[in-house]
Amino acid sequence: ATLFRRPRLVAAAFGFVLVAVMLSAVFSARYESHFKVLLRRGRFDPVISSQPASAMDFARPDITEEELNSEVELLRDEDLLKQVVILGGLVAADTPALERPAEIEHAVRKLAGRLNVEALKKSNLIQVSYKDTNPDRAARILSALSNLYVEKHTNLQRPAGENQFFA
């Protein structure tokens, strides 16, 4: 009964809520970009020994949950995200030198909040997705992340001193 006594107030409140919902829907368009990482073992290196040849086990062991989680954390690494922020152009180039580290840290936190990295259950896949209001920026960020991740992953998996040996 109270609402029917003030029809203008009810109509104005309803109109205000309707306009607010419509504006939020229009201005908060989000684009999602994603990629998946497949983890698998590298080539099989048989053990060479002076013992008589025995039946070799060429079966590759599966990727463990610990290895999968390690790769997920590698994708969420703060140093990697700092490089993505710099390469992705999330910090303006005309930012003063004194404010640049703080802006980079702020951009890293914002990027980490919009970045979703999860290991898919019962598989060797990691799904990475990023939401942004600009589709080009979303694609650019994930492209930089994937390139930097592959580079860091290969550096971590490469045996120490390999470059010096082949040089």
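Just above, that's the structure.
Residues numbered from 1 in each chain as written. Predicted model: local features only at pLDDT ≥ 70, side-chain atom pairs only at ≥ 80, totals over all residues. Heavy atoms only, no water.

1. What about the packing of helix α4 (residues 78-88) against helix α5 (residues 100-114)?
Piece 1. One can describe the packing of α4 onto α5 by two numbers: an axis separation of 9 Å at closest approach and a directional angle of 105 degrees. Our classification of the angle between α4 and α5 gives roughly perpendicular. Here E78, L81, K82, V84, V85 and I86 of α4 lie close against α5, whose contacting residues are I104, E105, A107, V108, L111 and A112.
Piece 2. When its residues are assigned to classes, the contact of α4 with α5 shows nine nonpolar, no polar and three charged. (Axes fitted to C-alpha atoms, helices over the stretch in contact; angles between N-to-C directions. Helix = DSSP H or I, 4+ residues; strand = E, 2+ residues; numbered from the N terminus. Parallel < 35°, antiparallel > 145°, perpendicular 65-115°, else oblique. Contact = heavy atoms within 4.5 Å. Nonpolar A, V, L, I, M, F, W, Y, C, P; charged D, E, K, R; others polar.)

2. Here's the deal with the pairing of strand β2 (residues 115-119)
Piece 1. Here β2 pairs with strand β3 (residues 125-132) via five bridges, running antiparallel. Within the sheet, the bridge partner assigned to N116 lies in β3 and is S129.
Piece 2. Adjacent in sequence and paired antiparallel, β2 and β3 are bridged by five residues, among which K122 carries a positive phi angle near 55 degrees. (Pairing = 2+ DSSP bridges.)

3. Some details on a nonpolar patch on the surface
Piece 1. Taken together, the side chains of V19, L23, V26 and F27 make up a nonpolar region of the molecular surface, amounting to roughly 430 Å² of accessible area.
Piece 2. Mapped onto the secondary structure, V26 falls in helix α2 (residues 7-27).
Piece 3. According to the relative accessible area criterion, V26 is exposed, its value standing at 57%. (Patch = residues over 30% accessible without salt bridge, like charges linked within 9 Å, V, L, I, M, F, W, Y side chains within 5 Å. Areas by Shrake-Rupley, 256 points an atom, 1.4 Å probe, with all protein chains shown as cover. Salt bridge = Lys/Arg side-chain N within 4 Å of Asp/Glu carboxyl O. Buried < 20%, exposed > 50% of the residue type's maximum accessible area, 1.4 Å probe, protein only.)

4. Observations regarding the pairing of β3
Piece 1. The pairing of strand β1 (residues 31-38) with β3 spans eight bridges and is antiparallel. The residue of β3 that forms the bridge with V37 is I126.

5. Some points on the sheet that holds β1
Piece 1. An order of β1-β3-β2 is seen for the three strands of this open sheet, with the pairing classed as antiparallel. Across the chains shown, the open sheet's two edge strands, defined by having one partner strand only, are β1 and β2. Adjacent strand axes in the sheet meet at a mean angle of 15 degrees when their direction is disregarded.
Piece 2. Packed on one face of the sheet, helix α3 (residues 65-75) meets β2 and β3 and runs near 25 degrees to β3.

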